[in-house]
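Chains, contacts and geometry: an overview
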4 protein chains.
Amino acid sequence: MEEDPGDALAGRLTAGGHELRQRVYFEDTDFTGLVYHARYLHFMERGRSDYLRLLGIRHLDLAADGIAFVVRRMEIDFMRPARIDDVLTIRTGPRGCSGARLELAQSVLGEGNRVLVSARLVLALIGAAGRPVRLPPALRAAFTAAPSPDRADAGSTAERSA
Amino acid sequence: MEEDPGDALAGRLTAGGHELRQRVYFEDTDFTGLVYHARYLHFMERGRSDYLRLLGIRHLDLAADGIAFVVRRMEIDFMRPARIDDVLTIRTGPRGCSGARLELAQSVLGEGNRVLVSARLVLALIGAAGRPVRLPPALRAAFTAAPSPDRADAGSTAERSA
Amino acid sequence: MEEDPGDALAGRLTAGGHELRQRVYFEDTDFTGLVYHARYLHFMERGRSDYLRLLGIRHLDLAADGIAFVVRRMEIDFMRPARIDDVLTIRTGPRGCSGARLELAQSVLGEGNRVLVSARLVLALIGAAGRPVRLPPALRAAFTAAPSPDRADAGSTAERSA
Amino acid sequence: MEEDPGDALAGRLTAGGHELRQRVYFEDTDFTGLVYHARYLHFMERGRSDYLRLLGIRHLDLAADGIAFVVRRMEIDFMRPARIDDVLTIRTGPRGCSGARLELAQSVLGEGNRVLVSARLVLALIGAAGRPVRLPPALRAAFTAAPSPDRADAGSTAERSA
């Protein structure tokens, strides 16, 4: 663990993509007593970052090449609320990639693996000038090598046998 | 201004709904040099809160009655990035309300009123037990009295027929 | 206002330094119903940024020269809580500068100008390599030209003789 | 792990108090490429929450009794910056408790256990009306039973005699 503390925190690759557990802290809640809606985007971004990490892609390496992933579009359904102290599971799965675009499904699960939030995302890889950059072969391979979306155990709101 | 500092900060009602100006600060950016994607949801929430405020609806009053608005669904297109020190305009306009649901279009504009982010939202009013609460007549009236969505100067960019 | 929306949002220079009004939104609160303690640092950073802005110093210009202000030390007293919808006044005043260091007093005031939070900060100017950079003469002049700390209408509450 | 996912995420009790590992994500950084200063307060709050958790104290239980911990005072030295993808260790150790007050030392360590941020905090336990509440015997016992501050492996770096 000391040798690679990063990986110990980075969740795990699954048949459907990636899974990460995260705690709800004070900072995630608002005065209604529930988790603030925008915080789920933070949890999902952590999931994406750690998924990429375990696929061998590090933000700093991308940045050194002047490229970065940006979110182009999100569709998010907020179905049930999370609360302070809850332990959430963030599931991320590839749903396709083409050119500079990468599609992902993500979900945030609460106790008993109930789906709290479900999202579809389109990411793009952009270069220094903000222009789209084609996904490098290594990246494309990583996502193609990733388990088939048919397994669909992320972001589906349903049918999980997990 | 001293007499009602709140209203001075709360933006203004427009033909299409509401408009609020906000600055991009350090906290809104990330290491790519751009505004972190989830922060646009914060800017949009500020716009919604101030729109409601100018319609006479205050979160604390709702909370005193055990009710609160929650976001049920968002579709967000992130089209162009904002950067540190930018001044953003957040536009909010009603797109319909029925039962416990309220639909809004929101957009975040940068310099020259270029649309940076465009979103469609479904909000719900929920009671203490988390169950949907019908929009009170006063609230419904406020949104019906609000300018027609035809004016569509908020969140349009996309002529969605949705 | 249209011509310079930035300055309209940037608060105002005062005898003691700078004053900025900001609203408390959902994002600033936590499940206890009060403002989350770390959020006061955001409010204070906004105050510092706008103070510098009105003195003619912009973060992007500094960044273009590879330099940035960083916070080296803070002493913060959290005296009274703020709540959703509150309008806060953030006061910032210089307390001395030497070499690469800049000392500031900041306070966050609530209704009736009651002090909610009071802080002393040491900032440093650092270069690309993270090494301290001497305050440029223009910057030093700006802070020396700034009103005398004797006026002390910012962050005082504590009669610090520093 | 499935049985008690919370504890698996909650770090561990140490001779000096508590230790928690956390990753730096996009949300923690700003446009200078470094971690935003206020984010270290988030990391430290997570450490405190998990320390209390492992001592058997849960925020929701406190809240059910109408009480909550609030930060009264912080002294923070920001010594070295953290960056995206870094794995941080947050150390928390008790430094005394009396009446309604609890003193803690906290530090955030980076690679090679170098101290990045060091802090002294005073917390208070407050009741519903915002008034100080004496630490319950169980709480006091927990902190007294906690390892002696002499061990001082948290937040020391500075041997403050304060």
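Everything below is about the structure shown above.
The following refers to the structure shown. As the structure is a computational prediction, the values presented were derived from the model and not from experiment.

1. Some remarks on the environment of valine 108 of chain C
Residues and elements named next belong to chain C. Among the structural elements, valine 108 can be located in strand S5 (residues 101-109). For the pair valine 108 and isoleucine 67, spaced 41 residues apart in sequence, the C-alpha separation works out to 28 Å. In contact with valine 108, not counting residues within four places along its chain, are Tyr40, Met44, Leu88, Thr89, Ile90, Arg114, Val115, Leu116 and Val117.

2. Overview of empty space enclosed by the protein
This structure, assessed with the given rule, holds four cavities of 30 Å³ or more. Roughly 240 Å³ of volume is contained in the largest cavity. Taken together, 23 residues form the lining of the largest cavity, with Arg39 and His42 of chain A, Arg39 of chain B, Arg39 of chain C together with Arg39 of chain D sitting closest to its centre. Contributions of two or more residues to the lining of the largest cavity are made by helix H2 (39-54) of chain A, helix H2 (39-54) of chain B, helix H2 (39-54) of chain C together with helix H2 (39-54) of chain D. Classifying every residue of the lining of the largest cavity by side-chain character gives seven nonpolar, eight polar and eight charged.

3. Quick look at the sheet that holds strand S1 (residues 12-14) of chain D
Hydrogen bonds along the backbone pair up the strands of a sheet, which may run parallel or antiparallel. Strands sit in the order S1(C)-S2(C)-S4(C)-S5(C)-S6(C)-S3(C)-S3(D)-S6(D)-S5(D)-S4(D)-S2(D)-S1(D) across an open sheet of twelve strands; the sheet is antiparallel. On the outer flanks of this sheet lie strand S1 (12-14) of chain C together with S1 of chain D, each paired with one strand and no other. If you compare each strand with its neighbour and ignore which way they point, the axes differ by 30° on average. As defined by bridge partners, strand S3 (residues 68-78) of chain D adjoins strand S6 (residues 115-126) of chain D across ten bridges and the pair is classed as antiparallel.

4. With respect to the interface of chain B and chain A
Contacts between chain B and chain A engage 21 residues on the former and 21 residues on the latter. Between chain B and chain A, a total of about 2,000 Å² is buried, with carbon and sulfur atoms accounting for 59% of that surface. For the chain B face of the interface with chain A, the top three residues by lost area are His37, Arg73 and Phe78 of chain B, together amounting to 23%. Where chain B meets chain A, there are four salt bridges. Here arginine 73 of chain A ties to glutamate 75 of chain B by a salt bridge, and the two come within 3.3 Å at their closest N and O atoms. On the surface where chain B and chain A come into contact, there are ten residue pairs in polar contact (both at pLDDT 80 or more). Contributions of two or more residues to the side of chain B that touches chain A are made by H2, helix H3 (59-64) and strand S3 (68-78) of chain B. In this sheet, S3 of chain B lies alongside strand S3 (residues 68-78) of chain A in antiparallel orientation, the contact comprising five bridges. Pairing of isoleucine 76 of chain A across the sheet is with methionine 74 of chain B, part of S3 of chain B.

5. Focus on the pairing of strand S2 (residues 17-23) of chain B
All names here are of chain B. Of all seven residues in S2, six are buried; the element is thus mostly enclosed. Bridge analysis of strand S1 (residues 12-14) against S2 gives three bridges, and the strand direction is antiparallel. The residue bridging arginine 12 from the neighbouring strand is glutamate 19, located in S2. Between S1 and S2, which pair antiparallel and follow one another directly, the connecting turn spans two residues. Of the strand pairs in this sheet, S2 and strand S4 (residues 87-98) are connected by six bridges, and their pairing is antiparallel. Its bridge partner lying in S4, leucine 20 is registered against isoleucine 90.

6. Describing the packing of aromatic side chains
Given two aromatic rings, their pairing is described by the distance between the two centres and the angle made by the two planes. Residues and elements named next belong to chain D. Under the criterion given, the structure shown has eight aromatic pairs over all chains. An angle of 55° between the planes, with centres 6.1 Å apart, marks the rings of tyrosine 40 and phenylalanine 78 as tilted. Placement of tyrosine 40 in helix H2 and of phenylalanine 78 in strand S3 is noted, with a sequence separation of 38 residues between them. Judged by its relative accessible area of 3%, tyrosine 40 is buried. The exposure class assigned to phenylalanine 78 is buried, which follows from its relative accessible area of 7%.

7. Quick look at the relation of the copies chain B and chain A
Between chain B and chain A, the superposition needs a rotation of 180° and an axial shift of 0.0 Å, giving an RMSD of 0.0 Å. On the angle and the small slide along the axis, the relation comes out as a two-fold axis. In terms of proximity to the rotation axis, the leading residue of chain B is glutamate 75 of chain B, whose C-alpha is 2.2 Å off the axis.

8. Brief notes about the sheet that holds strand S6 (residues 115-126) of chain A
Pairing is antiparallel in the open sheet, where twelve strands are placed in the order S1(A)-S2(A)-S4(A)-S5(A)-S6(A)-S3(A)-S3(B)-S6(B)-S5(B)-S4(B)-S2(B)-S1(B). Here the strands that pair on one side only, and so sit at the sheet edges, are strand S1 (12-14) of chain A together with S1 of chain B. On average, adjacent strands in this sheet sit at an angle of 30° to one another, irrespective of strand direction. Against the sheet, H2 of chain B makes contact with S1, S2, S3, S4, strand S5 (101-109) and strand S6 (115-126) of chain B, and its axis sits at roughly 130° relative to S2 of chain B, the strand it touches most.

9. Description of the interface of chain A and chain D
Counting residues at the interface gives 26 residues for chain A, matched by 26 residues for chain D. Interface of chain A and chain D: buried area, both sides summed, is about 2,500 Å²; carbon and sulfur atoms make up 54% of it. For the pair chain A and chain D, the interface holds eight salt bridges. Close ionic contact of arginine 53 of chain A with aspartate 85 of chain D constitutes a salt bridge, the shortest N to O distance being 3.0 Å. On the surface where chain A and chain D come into contact, there are ten residue pairs in polar contact (both at pLDDT 80 or more). Contributing elements (two or more residues each) for the side of chain A that touches chain D: helix H1 (5-9), strand S2 (17-23), H2 and helix H3 (59-64) of chain A. Looking at the side of chain A that touches chain D element by element, the count peaks at seven residues for H2 of chain A. Partitioned by chemical class, the residues of the side of chain A that touches chain D number nine nonpolar, five polar and twelve charged.

Each value, and the rule that gives it
Residues numbered from 1 in each chain as written. Chains lettered and ligands numbered in written order. Predicted model: local features only at pLDDT ≥ 70, side-chain atom pairs only at ≥ 80, totals over all residues. Heavy atoms only, no water. Helix = DSSP H or I, 4+ residues; strand = E, 2+ residues; numbered from the N terminus. Contact = heavy atoms within 4.5 Å. 1 Å grid on protein atoms, 1.4 Å probe; cavity = no way out; pocket = protein on both sides within 12 Å on 5 of 7 lines; lining within 4 Å. Points joined across faces, edges and corners; volume = space filled by probe spheres on them. Nonpolar A, V, L, I, M, F, W, Y, C, P; charged D, E, K, R; others polar. Pairing = 2+ DSSP bridges. Axes fitted to C-alpha atoms, helices over the stretch in contact; angles between N-to-C directions. Buried area = accessible area lost by both parts, 1.4 Å probe. Salt bridge = Lys/Arg side-chain N within 4 Å of Asp/Glu carboxyl O. Polar contact = N/O pair within 3.5 Å; in protein donor to acceptor, adjacent residues only side chain to side chain. Buried < 20%, exposed > 50% of the residue type's maximum accessible area, 1.4 Å probe, protein only. Phe/Tyr/Trp six-rings, centres within 6.5 Å; stacked < 30°, edge-to-face > 60°. Least-squares fit on C-alpha atoms with pLDDT ≥ 70 in both.

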